[in-house]
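Structural overview
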Protein chains: 2
Amino acid sequence: MIDETHDPGLRSWVESANRAGCEFPIQNLPLGVFRLKGEKQARCGVAIGDFILDASGWLSSETLNGYMALPASDRRQLRLEWSRILRAGSPERELLPQTGAEMLLPARIGDYSDFYASIHHATNVGRMFRPENPLFPNYKHVPIAYHGRSSSVFASGTAIKRPSGQRGQGDFGPTRELDYEVEIGAFVGPGNAPGEPIPISEARQHIVGVCLVNDWSARDIQRWEYQPLGPFLSKSFATSISPWVITTEALEPFREEAATHETDPLPYLQESQAGAFNIMVEAWLLGRGMRQPVRLSRSSFREMYWTLPQMLTHHTSNGCPARPGDLIASGTISGPEKENRGCLLELTEKGKEPVRLPDGEERVFLEDGDQIVLRGHCKRDAFVSIGLGCCAGTIVAAG
Amino acid sequence: MIDETHDPGLRSWVESANRAGCEFPIQNLPLGVFRLKGEKQARCGVAIGDFILDASGWLSSETLNGYMALPASDRRQLRLEWSRILRAGSPERELLPQTGAEMLLPARIGDYSDFYASIHHATNVGRMFRPENPLFPNYKHVPIAYHGRSSSVFASGTAIKRPSGQRGQGDFGPTRELDYEVEIGAFVGPGNAPGEPIPISEARQHIVGVCLVNDWSARDIQRWEYQPLGPFLSKSFATSISPWVITTEALEPFREEAATHETDPLPYLQESQAGAFNIMVEAWLLGRGMRQPVRLSRSSFREMYWTLPQMLTHHTSNGCPARPGDLIASGTISGPEKENRGCLLELTEKGKEPVRLPDGEERVFLEDGDQIVLRGHCKRDAFVSIGLGCCAGTIVAAG
């Protein structure tokens, strides 16, 4: 629902929030968990321009799980309150500079699930491994996903150590095919009791907000281990997420009809309202010797075959309990064009066509010292653009 | 290491612990979390005969996670203390009857992973789905596993609601192929920091103890959803575990050499000591109209292709952090004979040969009202037998 917090005329008394291109204008107000340098205690906060509003007066916890457990109406009310406090004309109060804060994981993630919701990604990857049969017959009916590992979800900035593993029969060592995957993650709200699925009509209020997700992947390990139970160690060494939760309320102006399906989804997955978010996501590479980061890909989250409400409803359709703070990721976000491919496996056609970089370098897979930065933003005429912040990780050598 | 706590001559002042066939003699001393009827607070306890020793003087928490985080030497010391306190000749103290206690999950499970470590199970199931190619080429090299769902791990006794899901294309409804799977689960001890694998030589001290696991499965949902990322909703509606953690120390007399491998494991998985536990596991069915439970299967955990230390070392070999209270399950424990098949899918040859029950009834898959009870015990000459308690669940109708 569009309300006064989305008014494009709103300005903040925080000057940096009004700057053109600022990711965190007063229309955004994302939530995160931070720790000031030298302090032990973590606190919840709201990002505004280059600053953080300490939210511990409202949310007295070291994680956002309690906030996520609130009904959607309470979360909307809090947003309204913060919007009013920060708006031009309201009395100024003390804020904390983001540069002095370490951003932590926003929630204690109980379970992390990773979908496979881009039909472009599924087709591109499927074609490499099964040219005769790229999409399995279930793809257009079942929102495919696998359970991920919550213990290795790290906040942006955490160094990513190159993992070792079985790269093939009799061959154990550091992966030679380290890749990134651009995804969007959603944090679950109140959730459901065991045995009580969340109907599609209610799913949206159980999605608190989103972040950027880099589902780091070791392709050689993945190829050798994945049959028949799916990816395991090829993914569980690290998943990076951006620290600011962009709330469903902030995303409201960027909600759009999902891409049309050739085949109708089963009734339990049919949405009566626009369920997709138009978020543009980008992946940037900064290699050790490079002067400037290079954009590897950009694609739109709106192009996904399944929406976040469909993913959550499917996930709980068997009665599986979703809990506040659970993380659901979308799977690699790829689009129809080559520049829309959200991982190196796709960009290089399984390593056959290296990506050429400006300084004459090239990449097939990631090298030690490479930094991958994911970014995301939402734009729409007559609304103020918002950003998702960034999700960064640098590869360090194995051993 | 065998010590005074394993002495077969030891008797307890708790009479029921000395009874022949008692699962919890003084040589066992499993740990669990219980709540007395009418109380709110949960407590840690040690089972002895028909009673519970309240352990809150030692472990002041509502879960065993803190205990599990202790170094193996501290856990061994606690066992010694409890053994001495409960031994015949020591002063009697107040105990709580097990009948007055509700058993809860022993730990807050951060992550739950499920292996596929029985080559008999993998071969039997593989033959049904891929007759020409039952075992994938990776099987004898990689301890195959998938990430499970921790939010749907329930304590024994929790009713299991028949899940709904996509049973095939365009077909959504309650599963028609509800199955059980007999497994052993292991709780992780201190664990490892991100990026720091647990070497095989140290893995054993990170395994705190075991429980029985029923990995309830919906075979029609599984068949339709599992490609290419593995089982998801076909498993995540419920996993039941027995509430008493049988410690690694209690299992010490039943440690044996693992079954020999045709092909040597890679060096990182080679154990220098006997790493298997000889635990006999059984599955019993009690249907609604049945007077007596019927044993469906029995098999030995010793027959698994991979041991628990191998599973944990493999799991962390990519740097994935394991945390105290994480649960690692073995996968269905099947053996070479028909009576050793640990699930109905195998027992009925994918539904083709119903299991005949005494009263003229038969089963292909589980029906509403069916109760499945898993049991386990360890026997060895010159040692006192111990039991694992039970893992029970009754199917209730969908809807």
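Thresholds, definitions, all that
- Residues numbered from 1 in each chain as written.
- Chains lettered and ligands numbered in written order.
- Predicted model: local features only at pLDDT ≥ 70, side-chain atom pairs only at ≥ 80, totals over all residues.
- Heavy atoms only, no water.
- Helix = DSSP H or I, 4+ residues; strand = E, 2+ residues; numbered from the N terminus.
- Rg over C-alpha atoms; globule rule 2.2 N^0.38 Å.
- Buried < 20%, exposed > 50% of the residue type's maximum accessible area, 1.4 Å probe, protein only.
- Lys, Arg positive; Asp, Glu negative; His and termini not counted.
- Charge placed at Lys NZ, Arg CZ, Asp CG, Glu CD.
- Contact = heavy atoms within 4.5 Å.
- Buried area = accessible area lost by both parts, 1.4 Å probe.
- Salt bridge = Lys/Arg side-chain N within 4 Å of Asp/Glu carboxyl O.
- Polar contact = N/O pair within 3.5 Å; in protein donor to acceptor, adjacent residues only side chain to side chain.
- Nonpolar A, V, L, I, M, F, W, Y, C, P; charged D, E, K, R; others polar.
- 1 Å grid on protein atoms, 1.4 Å probe; cavity = no way out; pocket = protein on both sides within 12 Å on 5 of 7 lines; lining within 4 Å.
- Points joined across faces, edges and corners; volume = space filled by probe spheres on them.
- Domains from an automatic or database assignment.
- Pairing = 2+ DSSP bridges.
- Phe/Tyr/Trp six-rings, centres within 6.5 Å; stacked < 30°, edge-to-face > 60°.
- Lys NZ or Arg CZ within 6 Å of the ring centre and 35° of its normal.
- Least-squares fit on C-alpha atoms with pLDDT ≥ 70 in both.
- Expected span 1.5 Å × (residues − 1).
- pLDDT = per-residue confidence, 0-100.

**Details of the overall build of chain A**
Helix and strand counts for chain A come out as eight helices and 26 strands. By the compact-globule yardstick of 21 Å for 399 residues, chain A fits well, its C-alpha radius of gyration being 21 Å. Its C-alpha atoms give chain A principal-axis dimensions of about 65 × 50 × 40 Å. Among the 399 residues that make up chain A, the fraction classed as buried is 63%. Side chains of chain A carry 41 positive and 49 negative charges; the gap between the two charge centres is 3 Å.

**Considerations on the interface of chain A and chain B**
In this assembly, 57 residues from chain A lie in contact with 57 residues from chain B. Between chain A and chain B, a total of about 5300 Å² is buried, with carbon and sulfur atoms accounting for 61% of that surface. Looking at the side of chain A facing chain B, the largest losses of area belong to His147, Leu229 and Phe232 of chain A, adding up to 16% of the total buried there. The salt bridge involving Arg149 of chain A is made with Asp111 of chain B; its shortest N-O contact spans 3.5 Å. At the surface where chain A touches chain B, the tally comes to 32 residue pairs in polar contact (both at pLDDT 80 or more). Broken down by secondary-structure element, the contributors of at least two residues to the side of chain A that touches chain B are strand 6 (112–115), strand 7 (145–147), strand 10 (164–168), strand 11 (171–174), helix 5 (219–225) and helix 7 (308–316) of chain A. Here the side of chain A that touches chain B gets three residues from one element, more than from any other, and that element is strand 7 of chain A. When the residues that make up the side of chain A that touches chain B are grouped by side-chain class, the tally is 27 nonpolar, 21 polar and nine charged.

**Regarding the layout of surface pockets**
In this structure, the largest pocket spans a volume of roughly 640 Å³. Forming the walls of the largest pocket are 25 residues, and the residues nearest its centre are Arg108 and Gly110 of chain A together with Arg108, Ile109 and Gly110 of chain B. Of all the elements in the fold, those that place two or more residues in the lining of the largest pocket are strand 8 (153–155) of chain A together with strand 8 (153–155) of chain B. Looking at the lining of the largest pocket, its residues break down into 12 nonpolar, eight polar and five charged.

**Here's the deal with the domain arrangement of chain A**
Residues and elements named next belong to chain A. Considered domain by domain, chain A is made up of domain 1 (4–104) and domain 2 (112–396). One C-alpha centre belongs to domain 1, the other to domain 2; they are set 26 Å apart. Of the residues lining the interface, 29 residues belong to domain 1; the matching set on domain 2 comes to 29 residues. Summed over both sides, the interface between domain 1 and domain 2 buries roughly 2200 Å², with carbon and sulfur atoms accounting for 65% of that surface. Residue Arg375 pairs with Glu23 through a salt bridge whose shortest N-O separation is 3.4 Å.

**What about the sheet that holds strand 5 (residues 101–104) of chain A?**
Reading across the sheet, the five strands line up as 4-3-2-1-5 (chain A) and stay open at both edges, with antiparallel pairing between neighbours. Lying at the two open borders of the sheet, with one neighbouring strand each, are strand 4 (96–97) and strand 5 of chain A.

**What to know about the packing of aromatic side chains**
Enumeration over the complete set of coordinates arrives at 16 aromatic pairs over all chains. Here Tyr305 of chain B and Trp306 of chain B contribute two aromatic rings whose centre-to-centre distance is 5.2 Å and whose plane-to-plane angle is 80 degrees, an arrangement assigned as edge-to-face. We note that Tyr305 of chain B, like Trp306 of chain B, is buried. The structure contains a cluster of three or more aromatic residues connected by ring pairs, namely Tyr116, Tyr139, Tyr305 and Trp306 of chain A. The ring of Phe129 of chain A carries the charged tip of Lys350 of chain A above its face, separated from the ring centre by 5.0 Å.

**Some remarks on the sheet that holds strand 20 (residues 280–286) of chain A**
Residue and element names in this part refer to chain A. An order of 9-26-25-20-21 is seen for the five strands of this open sheet, with the pairing classed as mixed. Two strands lie at the open edges of the sheet, namely strand 9 (160–161) and strand 21 (294–300), each paired on one side alone. Bridge count for strand 20 against strand 25 (residues 371–378) is seven bridges, and the pairing is antiparallel. When the bridges of strand 25 are listed, Ala283 appears paired with Leu374.

**Examining the relation of the copies chain A and chain B**
Between chain A and chain B, the superposition needs a rotation of 180 degrees and an axial shift of 0.0 Å, giving an RMSD of 0.0 Å. A rotation of that kind, with that shift, is consistent with a two-fold axis. Closest approach to the rotation axis among the C-alpha atoms of chain A is made by Gly230 of chain A, whose C-alpha sits 2.2 Å away. An overlap of 100% is found between the interface residues of chain A and their copies at the interface of chain B, pointing to a shared contact surface.

**Considerations on helix 2 (residues 72–86) of chain B**
For helix 2 of chain B, with 15 residues, the first-to-last C-alpha span of 21 Å sits near the 21 Å given by 1.5 Å per residue. Among all positions in helix 2 of chain B, only Ala72, Arg75, Leu78, Arg79, Leu80, Trp82, Ser83, Ile85 and Leu86 of chain B are buried.

**Quick notes on the pairing of strand 26 (residues 386–396) of chain A**
All names here are of chain A. When you tally the buried positions in strand 26, you get eight out of 11 residues, the bulk of the element. Note that strand 9 and strand 26 share two bridges and pair parallel. Among the inter-strand pairings, Lys161 is bridged to a residue of strand 26, identified as Val396. With seven bridges connecting them, strand 25 and strand 26 associate as antiparallel partners.

**Let's talk about the side chain of Arg219 of chain B**
Residues and elements named next belong to chain B. By the element assignment, Arg219 lies in helix 5 (residues 219–225). Judged by its relative accessible area of 5%, Arg219 is buried. Side chain to side chain, Arg219 and Glu181 meet in a polar contact 2.8 Å long. If near-sequence neighbours (up to four positions away) are discounted, Arg219 is found in contact with Thr175, Glu177, Asp179, Tyr180, Glu181, Lys235, Cys343, Leu345 and Phe365.

**Considerations on the environment of Pro143 of chain B**
Counting through the fold element by element, Pro143 of chain B comes out in the loop between helix 3 (119–129) and strand 7 (145–147). Distance from Pro143 of chain B to Phe115 of chain B, taken between C-alpha atoms, is 7.0 Å for residues 28 residues apart in sequence. Beyond its immediate sequence surroundings of up to four residues, Pro143 of chain B is in contact with Gln166 of chain A together with Phe115, Leu269, Trp306 and His314 of chain B.

**As for the pattern of salt bridges**
Residue and element names in this part refer to chain A. All chains considered together, the criterion is met by 60 salt bridges over all chains. One salt bridge in this structure joins Arg291 and Asp359, with 3.5 Å as the shortest N-O distance. With Arg291 in the loop between strand 20 and strand 21 and Asp359 in the loop between strand 23 (355–356) and strand 24 (362–363), this pair connects stretches of sequence that are 68 residues apart. The class of Arg291 is exposed, set by a relative accessible area of 71%.

**A word on the confidence of the model for chain A**
Averaged over every residue, the pLDDT of chain A is 97; residues scoring 70 or more account for 100%. On the interface metric, ipTM, the complex scores 0.97, and its pTM is 0.97.

**Notes on the pairing of strand 11 of chain A**
In terms of strand pairing, strand 10 of chain A meets strand 11 of chain A through four bridges, oriented antiparallel. By the bridge assignment, Gly168 of chain A is partnered in strand 11 of chain A with Asp171 of chain A.

**Observations regarding the side chain of Arg149 of chain B**
Relative to the helices and strands, Arg149 of chain B is located in the loop between strand 7 and strand 8. Within the local environment of Arg149 of chain B, its side chain forms a polar contact with the side chain of Asp111 of chain A, the two groups lying 3.4 Å apart. With sequence-adjacent residues up to four places away left out, Arg149 of chain B is seen in contact with Asp111, Ser113, His147, His315, Cys320, Pro321, Ala322, Arg323 and Asp326 of chain A together with Tyr112 and Ser236 of chain B.

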